[in-house]
Amino acid sequence: GENVGLHLPTLSVQEGDNSIINCAYSNSASDYFIWYKQESGKGPQFIIDIRSNMDKRQGQRVTVLLNKTVKHLSLQIAATQPGDSAVYFCAERHTGNQFYFGTGTSLTVIP
Amino acid sequence: NAGVMQNPRHLVRRRGQEARLRCSPMKGHSHVYWYRQLPEEGLKFMVYLQKENIIDESGMPKERFSAEFPKEGPSILRIQQVVRGDSAAYFCASSPPGPPNQPQHFGDGTRLSIL
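What counts, and at which threshold
Residues numbered from 1 in each chain as written. Chains lettered and ligands numbered in written order. Predicted model: local features only at pLDDT ≥ 70, side-chain atom pairs only at ≥ 80, totals over all residues. Heavy atoms only, no water. Contact = heavy atoms within 4.5 Å. Buried area = accessible area lost by both parts, 1.4 Å probe. Salt bridge = Lys/Arg side-chain N within 4 Å of Asp/Glu carboxyl O. Polar contact = N/O pair within 3.5 Å; in protein donor to acceptor, adjacent residues only side chain to side chain. Helix = DSSP H or I, 4+ residues; strand = E, 2+ residues; numbered from the N terminus. Pairing = 2+ DSSP bridges. Axes fitted to C-alpha atoms, helices over the stretch in contact; angles between N-to-C directions. Core = buried A, V, L, I, M, F, W, Y, C linked by side-chain atoms within 4.5 Å. Buried < 20%, exposed > 50% of the residue type's maximum accessible area, 1.4 Å probe, protein only. Disulfide = S-S within 2.5 Å.

Asker: Sorry if this is basic, but what is going on with the interface of chain B and chain A here?
Answerer: A common measure of how large an interface is: the accessible area buried when the components associate. With 24 residues of chain B at the interface, the matching set in chain A holds 21 residues. A combined buried area of about 1700 Å² lies between chain B and chain A, and 49% of that area is made up of carbon and sulfur atoms. Where chain B packs against chain A, one counts 0 salt bridges. Across the chain B-chain A interface, the total number found is 6 residue pairs in polar contact (both at pLDDT 80 or more). Secondary-structure elements contributing two or more residues to the side of chain B that touches chain A are β4 (31-37), β5 (43-50) and β9 (88-95) of chain B.

Now the structure itself:
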């Protein structure tokens with residue numbers, strides 16, 4: 001399953017499929033990006049980060065891709081599980097330690 | 001290894017009252033950030049503090065809102081004379097000292113309801 005930018009804030013995928021969540025960021029000067037997962041009633045949980053001098057970073061079952069040319073960030077989740085159901089936010093760092101968060105994408109995993 | 005602790009988890013106030021939200025950062029973290037989140041929206045930056053100093057308060061309303069991070073004790077976000085529009089979830093995050101490109105770790109928030 002895949003969503004495009006912020007126009008499709010919900011994404012439903014079958015358990016076991018791969019998920020791709022996209023984020024268009026605003027500031028070409030942003031140099032550090034984080035993906036967070038937020039479950040209902042909880043705070044955002046760090047998933048993976050990437051610096052602007054990289055275009056790809058992999059973690060456990062997750063991969064973040066950064067395309068600075070078009071100011072686009074994506075999060076790929078392999079073999080999506082029901083526990084992955086949550087809202088996913090991208091956050092970009094402009095200057096100092098201030099982060100700007102996107103609107104978020106709600107991921108629902110269908111068993 | 002305790003994470004970021006926020007209390008209370010839920011706070012109900014009547015219009016005109018004061019709300020005090022507390023945040024204890026992770027052990028070893030000296031940077032604290034406050035964010036506000038409305039339902040089905042992203043987090044909006046409010047203020048960034050280090051011990052005894054406000055570093056960046058560009059996201060905080062000029063009136064009624066204040067924040068502190070004293071030498072001892074938790075960080076406090078204070079909202080005076082609350083109005084209905086202050087109803088939101090308020091999240092605190094912390095990060096360790098050092099280079100700025102480090103992830104912020106969040107607490108589970110305080111849900112503020114104004115009657």
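Asker: When you look at unusual backbone geometry in this model, what are you seeing that I'm missing?
Answerer: Peptide bonds are trans in most cases, and residues, glycine excluded, mostly fall at negative phi. In this structure, P8 of chain B follows N7 of chain B across a cis peptide bond, with omega equal to -5 degrees. Take P8 of chain B: it is sitting in the loop between β1 (5-7) and β2 (10-13). Unlike most non-glycine residues, A79 of chain A shows phi in positive territory, near 50 degrees. Within the element layout of this structure, A79 of chain A appears in the loop between β7 (72-77) and β8 (86-93).

Asker: Please explain the sheet that holds β7 of chain A as it appears in this structure.
Answerer: Two pairing modes exist for strands in a sheet, parallel and antiparallel, and in both the strands are linked by backbone hydrogen bonds. All names here are of chain A. Read from one edge to the other, the open sheet built from 4 strands follows the order β2-β7-β6-β5, with strand pairing classed as antiparallel. For this open sheet the edge positions go to β2 (19-24) and β5 (56-58), each flanked by a neighbour on one side alone. Between one strand axis and the next, the sheet turns by 15 degrees as a mean value, whatever way the strands run. Inspection of the sheet shows β5 paired to strand β6 (residues 62-67) by 3 bridges, in the antiparallel sense. From the neighbouring strand, Q58 faces β6, where its bridge partner is T63.

Asker: Could you clarify how one ought to interpret the nonpolar core in this entry?
Answerer: When a protein is soluble and globular, its nonpolar side chains tend to lie buried together. Residues W34, M46, L77 and Y90 of chain B are the most contacted members of the largest nonpolar core, which totals 23 residues. Put simply, the parts of the chain that give this core at least two residues each are β3 (19-24), β4, β5, β7 (65-68), β8 (75-79), β9 and β11 (110-114) of chain B. Grouped together as the second largest cluster of nonpolar side chains are 20 residues, I21, I50, L73 and L75 of chain A included.

Asker: Is there a simple way to think about the pairing of strand β3 (residues 32-38) of chain A in this case?
Answerer: For a regular strand, side-chain orientation follows a simple rule: the groups alternate between the two sheet faces. Residue and element names in this part refer to chain A. Counting buried positions along β3 yields 7 of 7 residues, so the element is predominantly enclosed. Residue alternation in β3 divides its side chains into two sets, Y32, I34, Y36 and Q38 and F33, W35 and K37, and both sets are buried. Relative to strand β4 (residues 45-51), β3 runs antiparallel, the two being bridged by 6 bridges. Across the sheet, residue F33 finds its bridge partner in β4, namely I50. Here β3 hands over to β4 after 6 residues, with G41 in that stretch at a positive phi of 80 degrees. Inspection of the sheet shows β3 paired to β8 by 7 bridges, in the antiparallel sense. Within β8, the position partnered with K37 by the bridge is Y88.

Asker: How do you make sense of the state of the cysteines when you look at a structure like this?
Answerer: Disulfides are covalent bonds that connect the sulfur atoms of two cysteines. Inspection of the entire model under this criterion finds 2 disulfides over all chains. Each sulfur of the disulfide joining C23 of chain A and C90 of chain A lies 1.6 Å from the other. Separated by 67 residues along the polypeptide, C23 of chain A in strand β2 and C90 of chain A in strand β8 bring together distant segments of the chain. On the accessibility criterion, C23 of chain A (4% relative accessible area) is buried. Linked covalently through their sulfurs, C23 of chain B and C92 of chain B form a disulfide whose S-S length is 1.8 Å. On the sign convention where negative means left-handed, the S-S torsion of about -55 degrees between C23 of chain B and C92 of chain B marks this disulfide as left-handed. A residue pair is termed long-range when its members are at least 10 positions apart, and C23 of chain B in strand β3 and C92 of chain B in strand β9 qualify at 69 residues. On the basis of relative accessibility, which here comes to 0%, the residue C23 of chain B falls in the buried class.

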